[in-house]
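Topology and contacts: notes
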Amino acid sequence: MRNAFADELEILAKENEKVVLLSGDIGNRMFDSFQEAMPDRFYNCGVAEASMMSIAAGLALNGFRPFVYTITPFMTLRCLEQIKLDVCYHEAPVTIVGTGSGLSYAGLGPTHHSLDDINVMRVLPNMAVVCPCDTHEVRAGLSAILNLEHPVFFRLGKKGEKPVHLGPLNDFEIGKSITVKNGKNVCIIAVGNVVQLSVDVANLLDNSGISTCVESFHTVKPLDLNKLGEMFKNYELVCVIEEHSSIGGLFSAIAEWLIVNAPRNAFKLLQFSMEDKFYSEVSSQVHLREKSGLDLLSIEKKIRSHLEVIRE
């Protein structure tokens, strides 16, 4: 994802002279081409994320379109006050790009885990939260963001993600989910780097006679409320899969909507996420997912069991 981000942003910057890139002393080689083409629009702000965020807010309030980039936990929690007061309060069109989200940097331990970022960002007024699942959503999302006039948190994985979509997304809209796979019995709502995992789960369920749909909810805020209404009306079970804490992420956002708008359907909602705890074990992303039941076989088994209870 991050390579697609660098490439697409350079393309957009060449078309729009207001696009500016600020980096927290990371991705320098990745942005070499950007720097060479537009040296006056790239700023390496070093490990001073709070200052970088305030600089970005100032640029935005003077007509520029700044994109601020570094590792997600340092991009969110370390400068939360500046995001809240300098960016969101002024509704400044700053795009906050967090790379290595979720457990992408699992091997570096809890300092580099970002399992609370969606929670923190979506609670801020004026902030949109966009979590692309592959390079196609990254590229389409960046173009769509430039049409907005308010802050956006753009949550990226790291590298090596498999493409979910077959090609470019010409009809991508912020706040509108994308149907990745059709199905009749169960709907899986997935976000970011677990959409491909969700497709694998759906295919496994299909093989056991449970027709399963997969929706890429690339936008956590604002939610696609029309699509949610259709899901809880048309499917026996709606599952949410995310590489985020069990508190405050996409599941929480959907549950908040559901309890107000369709409380009788609450039994249809099933959660798959990371546990509410620190993962102190230095391990792989795959291993830590398995420890929380966020793996193919565990998810498939839990969905089948829950569906059997509903059908009784």
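Residues numbered from 1 in each chain as written. Predicted model: local features only at pLDDT ≥ 70, side-chain atom pairs only at ≥ 80, totals over all residues. Heavy atoms only, no water.

1. Regarding the sheet that holds strand β12 (residues 269-274)
- Ordered in space as β7-β9-β8-β11-β12, the five strands form an open sheet in which the pairing is mixed. Whereas interior strands pair on both sides, the edge strands pair on one side only; in this sheet they are β7 (178-181) and β12. Strand-to-strand twist across the sheet, computed as the mean angle between neighbouring axes with direction ignored, equals 25 degrees.
- In terms of strand pairing, strand β8 (residues 186-190) meets strand β11 (residues 237-245) through five bridges, oriented parallel. For Ala190, the partnering residue across the bridge sits in β11 and is Ile241.
- Helix α12 (residues 296-311) rests against β8, β11 and β12 of the sheet, and its axis sits at about 160 degrees to β12. (Pairing = 2+ DSSP bridges. Helix = DSSP H or I, 4+ residues; strand = E, 2+ residues; numbered from the N terminus. Axes fitted to C-alpha atoms, helices over the stretch in contact; angles between N-to-C directions. Contact = heavy atoms within 4.5 Å.)

2. Concerning the sheet that holds strand β2 (residues 42-44)
- The strand order across the open sheet formed by seven strands is β2-β1-β3-β4-β6-β5-β10, and the pairing between neighbours is mixed. A single partner strand is all that each edge strand has here, and the edge strands are β2 and β10 (219-221). Strand-to-strand twist in this sheet, taken as the mean axis angle between neighbours without regard to direction, amounts to 20 degrees.
- Looking at chain direction, strand β1 (residues 19-23) and β2 are connected through three bridges and run parallel. When the sheet's bridge partners are listed, Ser23 is paired in β2 with Asn44.
- Lying over the sheet, helix α3 (residues 49-61) contacts β1, β3 (65-71) and β4 (95-99), oriented at roughly 165 degrees with respect to β3.

3. Here we look at helix α9 (residues 225-234)
- Within the span of α9, buried status applies to Leu228, Met231 and Phe232. Along α9, the residues classed as buried sweep out an arc of 85 degrees about the axis, all on the same side. Opposite the packed face of α9, turned more than 90 degrees from it, sit the exposed residues Asn226 and Lys233.
- Those residues of α9 hidden inside the fold are in contact with β8, β9 (212-216), β11, α10 (250-261) and β12. (Buried < 20%, exposed > 50% of the residue type's maximum accessible area, 1.4 Å probe, protein only. Arc of directions from axis to C-beta.)

4. Considering the pairing of β1
- Where burial is concerned, most of β1 is hidden: five out of the five residues are buried.
- Side chains of β1 alternate between two faces, with Val19, Leu21 and Ser23 and Val20 and Leu22 buried alike.
- In terms of strand pairing, β1 meets β3 through five bridges, oriented parallel. Pairing of Val19 across the sheet is with Arg65, part of β3.

5. Some points on the packing of α3 against helix α5 (residues 80-88)
- At a minimum axis distance of 9 Å, the contact between α3 and α5 shows a crossing angle of 10 degrees. As the angle between them shows, α3 and α5 are arranged roughly parallel. Between α3, through Ala50, Met53, Ser54 and Ala57, and α5, the contact on the second element is made entirely by Gln82, Ile83, Asp86 and Val87.
- Grouping the amino acids of the contact of α3 with α5 by side-chain chemistry returns five nonpolar, two polar and one charged. (Parallel < 35°, antiparallel > 145°, perpendicular 65-115°, else oblique. Nonpolar A, V, L, I, M, F, W, Y, C, P; charged D, E, K, R; others polar.)

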